[in-house]
Amino acid sequence: KGDDTTATPITLGSVELNKIRMVYEDVITGNDVEVYLEHFDSRLETFDLEKMQFSIAPISLHGLTARVYQMKPLLKAEPPQKDIADAEVPLNVQLQLDNIAIQNIGLDYRNDASALYTQLNLGALHIQPQKIDLAQRIIDIDEISLDSTTAILRLGKKDEAEIVKKETQQEANAQAEAGWRVQIGNLQLDNNNLQFDDNNSPKQQSGMDYMHLKTEALTLHISDLLYSSDSVAGNITKATFSEQSGFVLNQLQTNFLYSNRQAYLKDLYLKTPGTELKRSIAIRYDSIGALQKDIGHMELNLDLQNSKIQVKDILTFVPDLRSQPAFANPNTTWLINSRMNGSVADLQIPVLQISGLKDTRIDISGRLRGLPDMNNLGADLAIKNISSSQRDIALFVPRGTLPNNITLPAKINLSGKLNGNAGNLATNLLLKTSLGNASVKGTMRQISDSKKSSYDLQLNTASLDLGTILQNKNNLGPVSADLHIKGNGYDTKTANASLTGKIKSAIIKQYEYRDL
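Residues numbered from 1 in each chain as written. Predicted model: local features only at pLDDT ≥ 70, side-chain atom pairs only at ≥ 80, totals over all residues. Heavy atoms only, no water.

### A few points about the overall build of the chain
Regarding its fold elements, the chain presents six helices and 28 strands. Each principal axis of the C-alpha distribution contributes one length, and for the chain these read about 125 × 40 × 40 Å. Put simply, the chain has 516 residues, and 34% of those count as buried. Just so you have it, the chain exposes about 30,300 Å², and 54% of that area is on carbon and sulfur atoms. Positive and negative side-chain charges of the chain, numbering 53 and 59 respectively, have mean locations separated by a distance of 14 Å. (Helix = DSSP H or I, 4+ residues; strand = E, 2+ residues; numbered from the N terminus. Buried < 20%, exposed > 50% of the residue type's maximum accessible area, 1.4 Å probe, protein only. Areas by Shrake-Rupley, 256 points an atom, 1.4 Å probe, with all protein chains shown as cover. Lys, Arg positive; Asp, Glu negative; His and termini not counted. Charge placed at Lys NZ, Arg CZ, Asp CG, Glu CD.)

### Examining the packing of aromatic side chains
The tally for this structure, following the rule as stated, stands at three aromatic pairs. Measuring from ring centre to ring centre gives 5.9 Å for F241 and F247, while their planes differ by 50 degrees; the resulting arrangement is tilted. Through a chain of ring-to-ring contacts, the aromatic side chains of F241, F247 and F317 assemble into a single cluster. The residue whose ring lies beneath R67 is Y69, and the NZ or CZ to ring-centre distance is 4.7 Å. Cation over ring: K266 sits above Y264, and NZ or CZ is 4.3 Å from the ring centre. (Phe/Tyr/Trp six-rings, centres within 6.5 Å; stacked < 30°, edge-to-face > 60°. Lys NZ or Arg CZ within 6 Å of the ring centre and 35° of its normal.)

### A look at a nonpolar patch on the surface
Together, I508, Y511, Y513 and L516 make up an exposed nonpolar region whose accessible area comes to about 420 Å². Within the element layout of this structure, Y513 appears in strand β28 (residues 511–514). Taking the relative accessible area as the measure of exposure, Y513 reaches 35% and is therefore partly exposed. (Patch = residues over 30% accessible without salt bridge, like charges linked within 9 Å, V, L, I, M, F, W, Y side chains within 5 Å. Salt bridge = Lys/Arg side-chain N within 4 Å of Asp/Glu carboxyl O.)

### So, the nonpolar core
A general feature of soluble globular proteins is that nonpolar side chains tend to end up buried together. Ranked by internal contacts, the top residues of the largest apolar core, which has 26 residues, are I102, I144, L187, I222 and I236. Every element with two or more residues in this core is listed here: β4 (59–70), β6 (100–111), β7 (116–133), β8 (138–147), β10 (181–198), β11 (212–228), β12 (231–243) and β14 (251–259). Ignoring any residue separated from it by four or fewer positions in sequence, one finds I102 in contact with L61, L122, G123, A124 and L125. Grouped together as the second largest cluster of nonpolar side chains are 13 residues, L302, M340, L347 and A379 included. (Core = buried A, V, L, I, M, F, W, Y, C linked by side-chain atoms within 4.5 Å. Contact = heavy atoms within 4.5 Å.)

### Considering the environment of T168
As for its placement among the helices and strands, T168 is situated in helix α2 (residues 159–177). Judged by its relative accessible area of 44%, T168 falls in the partly exposed class. Between the alpha carbons of T168 and I354 there is a distance of 44 Å; along the sequence they are 186 residues apart.

### Some thoughts on the pairing of strand β22 (residues 411–421)
By the bridge criterion, ten bridges tie strand β21 (residues 378–389) to β22 in an arrangement that is antiparallel. Counted as the bridge partner of D380 is N419 from β22. In terms of strand pairing, β22 meets strand β23 (residues 425–433) through nine bridges, oriented antiparallel. Bridge pairing in β23 links I412 to T433. Where β22 hands over to β23, the hairpin turn is made up of three residues, counted between the paired strands. (Pairing = 2+ DSSP bridges.)

### Describing the pattern of salt bridges
Note that side chains of opposite charge can pair when their charged atoms are close. Applying the stated criterion to the full structure yields 13 salt bridges. Two residues, R367 and D346, come together in a salt bridge whose shortest N-O distance is 2.7 Å. In this pair, R367 is assigned in strand β20 (residues 360–369) and D346 in strand β19 (residues 346–356), connecting sequence segments 21 residues apart. A relative accessible area of 30% places R367 in the partly exposed class. Residue classification places D346 among the partly exposed positions, given a relative accessible area of 28%. With its nearest N and O atoms 3.3 Å apart, the salt bridge here joins D482 to K504. Here K504 lies in strand β27 (residues 496–508) and D482 lies in strand β26 (residues 476–488), a separation of 22 residues in the sequence. Exposure remark for K504: the relative accessible area of 40% places this residue in the partly exposed category. Through salt bridges with shared partners, one network takes in R21, D32, E34 and R67.

Okay, here's the thing in structure tokens:
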């Protein structure tokens, strides 16, 4: 009938295409396309353009080769508000998909105007959808697997390439904020190669360069993967890859979560040729914004048992540390065994054991208060062992920090208790060195005020070689003494203090005095 405006129904039972070649060239639109298809088949159970309802049965595609060259800019600069507005418009399309199997795909895409170049050699892709609700922005997939695939993306040196990068980031952020919810029961990537180059950014000389990435043999298995606008979570059961920076990941297993209120890595096991991390790391915070403004309120729960970190792996992600003497040797390995919990501003440390370099060991427990403000740092520590050597300290302490007229002992060991802060401090410490021993016990108050400070200290030395330490062997030698100093102030003009004690033995100007 002439006045009938009902949409014409379209019924397509099954579709099968074999050995199809298509060539399209249009100078006006700037497209040069050549496609060859070996095989495609599917069944279209529902194809309703009026209601935008589509139901497509299993899709099988293999042997697709495509060459796409474009000579016009890919994208134009747009304000972020437009991308956000576009992302908020719901997609009123009802789509039902069944099993999707894709194999042997080759894509060569070039856009000289936008300086965007992509190459894809896809081995095998399998997707088993469960539910796709584009109107509600819900995607539920049972399984995705991608095998033996190489993907290369390169941005050339052009302003248009920067526009593509900026617009892609804007659109990705807009879609993320639009409220999408994606669930994947099982994600398996096996033996894939990925490469990304942004030639607008210069290549870094060392470390992982995120503008010039090249990973090989990437394998990643994740179960129960969930992505939403405010969180991403899942269970990584296997992850391995190597990157052109030299970083190699042998294994990664963890149950992870990142959200707007917390983040954690539970049941963690990470292994590289030189690093092995085990157990769990968790943090909690009021919001991402609050975390950036005041990290002191962040709650931390750290449990690293019998782990190790190689300097080489640290330098991969923080290459600037290479200039520090302690990180000069990439083969150095730090051993860590630690448990920490509480807020950054009030941190409980049941166990902190660290060893590295040749002679450095730390074994402490207790409590730290006031971080990250070092001026307000307070501690209540039980020091079981802090030991190092002249050689190791030279690697940690910047050159020029220690006076040139001071000689450190070859071996140093500190133990005891320390309580207080930069203002008030109570100590009971024992220092053992290769140049003699010393202990200090007592209290100091208002340390920063040279006139109002007070102190009550017991100082003991045993064969402490002051001549070698102070580089004055002609006048001083080893000293053994028990001294008690008590007073107020350390300004030489106003101090009021008393010093009593006994010098058991002292070498002064190469003569030994006893029992003074």
